[in-house]
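Listed here are the chains, written in short residue letters.
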Amino acid sequence: MNVLVIVAIKTRRRLQSTYNMLLACLAGTDLAVGVVSQPLFIAQEIYFLSGASLVHYCYFLKHIFYVIFIPCLESLLILVVMSIERYIAMKYSLKYANIVTTPRLIGVVICSWL
């Protein structure tokens, strides 16, 4: 479903608004969570439940923690950026076009990814 959102926003010119671009970024990070983070977390839990020692579990967790954690954090940061953008749209509706520009939006998204 996330791929369809990204493709629809990328191919349809009328869908390419600032809010929809943030929605496409959220769909991308959710895709990363669904493809990478959740399967690794499930594999980690199955590994622990299958009788692995706590030392092996912690060793495994230490090596994949950031792969699980970073996409989830990125999803949360994109939601924060979307909330701030919607707040600006409601609070400063007349200045919205001057405040929320495409270069600023790209900069914020890149900063949140880093």
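Residues numbered from 1 in each chain as written. Predicted model: local features only at pLDDT ≥ 70, side-chain atom pairs only at ≥ 80, totals over all residues. Heavy atoms only, no water.

Asker: Can you tell me about the overall build of the protein chain, naming the residues and giving the values?
Answerer: Assigned secondary structure in the protein chain consists of five helices and zero strands. Starting at the N terminus and ending at the C terminus, the protein chain contains elements arranged as α-α-α-α-α. Relative to its length of 114 residues, the protein chain is extended, with a C-alpha radius of gyration of 18 Å against a globular reference of 13 Å. Its C-alpha atoms give the protein chain principal-axis dimensions of about 60 × 25 × 20 Å. (Helix = DSSP H or I, 4+ residues; strand = E, 2+ residues; numbered from the N terminus. Rg over C-alpha atoms; globule rule 2.2 N^0.38 Å.)

Asker: An account of the side chain of Asn20 is needed here, citing residue identities and associated values.
Answerer: Relative to the helices and strands, Asn20 is located in helix H2 (residues 18-49). With relative accessibility at 17%, the residue Asn20 sits in the buried group. (Buried < 20%, exposed > 50% of the residue type's maximum accessible area, 1.4 Å probe, protein only.)

Asker: Any chance you could break down helix H5 (residues 102-113) for me, citing the residues and the numbers?
Answerer: Its 12 residues give H5 an end-to-end C-alpha distance of 16 Å, which sits within 8% of 16 Å, the value for a rise of 1.5 Å per residue. Every buried residue of H5 is listed here: Leu105, Val109 and Ser112. Down the axis, H5 shows its buried residues gathered within 65 degrees of arc, on one side only. More than 90 degrees from the buried face of H5, the exposed residues found are Pro103 and Cys111. (Expected span 1.5 Å × (residues − 1). Arc of directions from axis to C-beta.)

Asker: Could you give an account of a nonpolar patch on the surface, with specific residues and numbers?
Answerer: A contiguous nonpolar patch, built from Phe65, Tyr66, Phe69, Ile70, Leu73, Leu76, Leu77 and Leu79 and spanning about 740 Å² of accessible area, is present on the exposed surface. Residue position: Phe65 is located in helix H3 (residues 54-91). With relative accessibility at 38%, the residue Phe65 sits in the partly exposed group. (Patch = residues over 30% accessible without salt bridge, like charges linked within 9 Å, V, L, I, M, F, W, Y side chains within 5 Å. Areas by Shrake-Rupley, 256 points an atom, 1.4 Å probe, with all protein chains shown as cover. Salt bridge = Lys/Arg side-chain N within 4 Å of Asp/Glu carboxyl O.)

Asker: Pulling in residues and values, what's your account of the UniProt feature "transmembrane region" (unreviewed entry) in the protein chain?
Answerer: Summarizing the sequence annotation, UniProt attributes the feature "transmembrane region" (unreviewed entry) to residues 21-43 and 63-84 in the numbering used throughout. In the segment residues 21-43, helix accounts for 100% and strand for 0%; the C-alpha atoms at its two ends are 33 Å apart. With 100% helix and 0% strand, the stretch residues 63-84 has end C-alpha atoms that lie 34 Å from each other. (UniProt positions renumbered as here; feature names shortened; annotations may be inferred.)

Asker: Give me the lowdown on the environment of Val7, citing residues and values where you can.
Answerer: Examined against the element boundaries, Val7 turns out to sit in helix H1 (residues 2-11). In this structure, the C-alpha to C-alpha distance between Val7 and Gln44, residues 37 residues apart in sequence, is 32 Å.

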